[in-house]
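# Structural overview
The chain contents come next:
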Amino acid sequence: MKICFVGFHNLPVLAPEYRRHTIGGEAVQQTLLARALARRGHDVNMVVADYGQRDGAEWDAIRVFKTYRPDAGFPGLRFIHPRWTGMWSALTRADADIYYASCAGMEIGLVALFCRRFRRRSVFRTASDTDCDRSKVLVRFARDRWLYAYGLRRANAILVQSASQAETLARCYGLAGRVAGMLVEKPQRAAARDIDVLWVSNIRREKRPDRVLELAGRLPELKIHMVGGSLPGEEALFSDVRHTAAAKANISFHGRLSYWDANELYGRAKLLVNTSDVEGFPNSYLQAWIRGVPVVTLIDPDSVIEREGLGVASRSAAHIPSAISHLLSNPAAWRAASDRCRAFMAREYGEDKVLAAYLDTFQQIMRIDTANANLLGSSKARHV
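It should be emphasised that the depicted structure is a prediction, and the values quoted were computed from it without experimental measurement.

With that settled, consider the overall build of the protein chain. For the protein chain, the count of helices and strands is 15 helices and 14 strands. Taken over C-alpha atoms, the radius of gyration comes to 21 Å for the protein chain, in line with the 21 Å a tight globule of 384 residues would show. Based on the C-alpha atoms only, the size of the protein chain along its principal axes is roughly 60 × 45 × 40 Å. Considering the protein chain as a whole, with its 384 residues, one finds that 53% of them fall into the buried category. Put simply, 67% of the contacts in the protein chain that link residues at least 6 apart link residues at least 24 apart. Here the protein chain has roughly 17000 Å² of accessible surface; of this, 50% comes from carbon and sulfur atoms. Of the side chains in the protein chain, 54 bear a positive and 40 a negative charge, and the two mean positions are spaced by 3 Å.

Set out below in structure tokens:
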């Protein structure tokens, strides 16, 4: 079974020498999954953006094929070349049985078209709740939204992060999704807890970094660390956040950090705070919990935080400061939550347990006749 992961931002997670570039949570997930499969003897490739790397180079037994530079091509024409042509060329060189792609976007449609043309199999994995809701999908152009919907309909399997995402996907697209867990690396060493509150996210409006700045004003005794880089179209917001954070004595603003450097901060934190209005199942939760760091957030996927006692799921942004103060001022409550986080991760997120859903899905779709391939699930579930 030959598997190709299509993730343009995967290389900065896979290869430390490219760590300065932007990554997202799904790049981390794709890379961890690819490494886990490669360690078990599967033939694993990746299709990524062109960072100047040699085409076909290998890291961790994963062969990497490049598509195009993100800024390449002329506006209006670059959708065809180099984006479509470059992507299909890389997919062809990868020559996989299964192509695995994540996150809403036109790439999902191009992967599906490729697999349909060359009788290969495709798997789509959601990265956010918005990927499952037609009215909220974060794709700018109508053409790209159409391609995304086409890719969903043509995927041989759809994997989701939570049961609530599966319900939304069925309601909004009429498609079936299978819940598959997420992978997380074990921490290398313990660290001194010298950060009261850690916030990690790309700086974009729906992540609400302004709420962290407000928190610093309401609780000036806290040592708050913010990690997040600028994204295209959000440069002004990044500049404003960086400037405001610099004026607050209790905020350390790191800007963009690599996956490895950010991991070091999780081990130093007492709490992870998420202020976002929109999420899927954040990698940051897993990176915190495996280190015994409770999470205070507005986003509680499938109510796991409330059910397992892994921090505090706040009813509103106004309640976040009191939740933080309670945990930090009550060492016994913090230790109990920290112990629950570690126990939960040991019980639910062992690598073999998480991989089972992926391997079962891959094995099922390998049995599909690609000349007449259908999405896993009922015909009714496929209809949009």
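A word on the nonpolar core. With 102 residues, the main nonpolar core has Phe-5, Val-6, Leu-11, Leu-37, Val-47, Tyr-99 and Trp-289 as its most contacted residues. Sort the elements by how many residues they give to this core and helix H2 (residues 25–39) lands first, with 8 residues. Among residues more than four places away in sequence, those in contact with Tyr-99 are Cys-4, Val-6, Leu-91, Ala-94, Val-111, Phe-114, Cys-115, Arg-120, Arg-121, Ser-122 and Val-123. In this structure, Ala-245, Ile-251, Val-296 and Leu-327 belong to the second largest nonpolar core, which totals 24 residues.

Turning to the pattern of salt bridges, a few remarks are in order. If you walk through the whole model with that rule in mind, you get 24 salt bridges. Between Arg-40 and Asp-352 there is a salt bridge, with the nearest N and O atoms lying 2.6 Å from each other. In this pair, Arg-40 is assigned in the loop between H2 and strand S2 (43–48) and Asp-352 in helix H14 (residues 351–366), connecting sequence segments 312 residues apart. For Asp-352, a relative accessible area of 57% translates into the label exposed. Of the charged contacts in the structure, one is a salt bridge between Arg-268 and Asp-194, with a shortest N-O distance of 2.8 Å. With Arg-268 in helix H9 (residues 259–268) and Asp-194 in the loop between strand S8 (178–179) and strand S9 (195–200), the pair connects residues that are 74 residues apart, well separated along the chain. Given the relative accessible area of 25%, Arg-268 is considered partly exposed. The class of Asp-194 is partly exposed, set by a relative accessible area of 34%.

Taken together, the side chains of Arg-116, Arg-134, Arg-153 and Arg-154 make up a positively charged region of the molecular surface. Tracing the chain through its elements places Arg-116 in helix H4 (residues 106–118).

Looking now at the sheet that holds strand S7 (residues 157–160). One open sheet holds the 8 strands; their spatial order is S3-S4-S2-S1-S5-S6-S7-S8, and the pairing between them is mixed. Each of the sheet's edge strands pairs with one partner strand only, and the pair in question is strand S3 (57–59) and S8. Pairing analysis gives 5 bridges linking strand S1 (residues 2–6) to S2, with the strands arranged parallel. Across the sheet, Lys-2 pairs through a bridge with Asp-43, a residue of S2. On top of the sheet, H4 reaches S1, strand S5 (98–102) and strand S6 (121–125); it is set at about 170° to S5, its chief contact.

Time to look at the environment of Ala-155. Among the secondary structure elements, Ala-155 is positioned in the loop between helix H5 (142–154) and S7. For Ala-155, a relative accessible area of 2% puts it in the buried group. Between the C-alpha atom of Ala-155 and that of Tyr-100, which follows or precedes it by 55 residues, the distance is 9.6 Å.

Here the focus is unusual backbone geometry. Of note, the amide linkage connecting His-81 to Pro-82 takes the cis form, showing an omega dihedral of 15°. By the secondary structure assignment, Pro-82 is in helix H3 (residues 79–94). Of note, Asp-95 is a non-glycine position whose phi angle comes to about 50°, a positive value. In this fold, Asp-95 is placed in the loop between H3 and S5.

Bringing the packing of aromatic side chains into the picture now. Aromatic ring pairs: the centre-centre distance and the angle between the two ring planes describe each pair. Enumeration according to the criterion identifies 21 aromatic pairs in this entry. Relative to Tyr-51, the ring of Tyr-18 lies with its centre 6.2 Å away and its plane at 50°, an arrangement referred to as tilted. On the criterion of sequence distance, the pair formed by Tyr-18 in the loop between helix H1 (11–14) and H2 and Tyr-51 in the loop between S2 and S3 is long-range, its members being 33 residues apart. Assessed through its relative accessible area of 17%, Tyr-51 is described here as buried. Between Trp-146 and Tyr-150, the ring centres sit 5.5 Å apart and the planes meet at 20°, which makes this aromatic pair stacked. Of this pair, Trp-146 and Tyr-150 both sit in helix H5, separated by 4 residues, roughly a single helical turn. Taken together, the ring pairs in this structure connect Phe-79, Trp-84, Trp-88, Tyr-99, Phe-114 and Phe-118 into an aromatic cluster. Taking NZ or CZ as reference, Arg-117 lies 4.8 Å from the ring centre of Phe-118, over its face. Above the face of the Phe-79 ring, Arg-143 is positioned so that its terminal group lies 4.0 Å from the ring centre.

Now for the pairing of S2. Counting buried residues along S2, 5 of its 6 residues qualify, which places the element largely inside the surrounding structure. Relative to strand S4 (residues 62–66), S2 is paired through 4 bridges, and the arrangement is parallel. Each residue of the ladder has a partner; that of Val-48, found in S4, is Lys-66.

Cut-offs and rules
- For every chain, the first residue of the written sequence is number 1, and numbering continues from 1 along that sequence.
- Side-chain atom pairs in this predicted model are given and counted only at pLDDT of 80 or more, local residue features only at pLDDT of at least 70, and totals for whole chains, interfaces and linings cover all residues.
- Only heavy atoms go into the side-chain values, all of them from the structure, while hydrogens and water stay out.
- Working definition: helices are DSSP H or I runs of at least four residues, strands are E runs of at least two. Numbering for both runs from the N terminus.
- Radius of gyration: C-alpha atoms only; globule rule: 2.2 Å multiplied by the number of residues to the exponent 0.38.
- Buried means the residue's accessible area, taken with a 1.4 Å probe over protein chains only, is under 20% of the maximum for its type, while exposed means over 50%, and partly exposed covers the values in between.
- Only heavy atoms matter for contacts: two residues are in contact if any of them lie within 4.5 Å across the pair.
- Areas reported here follow the Shrake-Rupley algorithm with a probe of radius 1.4 Å; residue values treat only the protein chains shown as occluding.
- Note on charges: Lys and Arg go in the positive column, Asp and Glu in the negative column, and His and the chain ends are not counted at all.
- Note on charges: their place is set at NZ of Lys, CZ of Arg, CG of Asp or CD of Glu.
- Residues belong to one nonpolar core when they are buried, are Ala, Val, Leu, Ile, Met, Phe, Trp, Tyr or Cys, and are joined through side-chain atoms within 4.5 Å.
- What makes a salt bridge here is a side-chain nitrogen of Lys or Arg within 4 Å of a carboxyl oxygen of Asp or Glu, nothing more.
- Only residues whose relative accessible area exceeds 30% and that form no salt bridge enter a patch; like-charged residues are grouped when within 9 Å of one another, and nonpolar side chains (Val, Leu, Ile, Met, Phe, Trp, Tyr) when within 5 Å.
- Pairing between strands is defined by DSSP: at least two bridges between them are needed.
- For helices, the fitted axis covers only the stretch in contact; all axes are lines through C-alpha atoms, and the angles between them, taken along N-to-C directions, range from 0 to 180 degrees.
- In summary, the pairing rule links any two rings of Phe, Tyr or Trp, Trp by its six-membered ring, whose centres are within 6.5 Å, and it sorts them by plane angle into stacked for under 30 degrees, edge-to-face for over 60 and tilted for everything else.
- In this scheme, Lys NZ or Arg CZ marks a charge over a ring once it lies within 6 Å of the ring centre and within 35 degrees of the ring normal.

What is shown is where atoms sit, not what they do.
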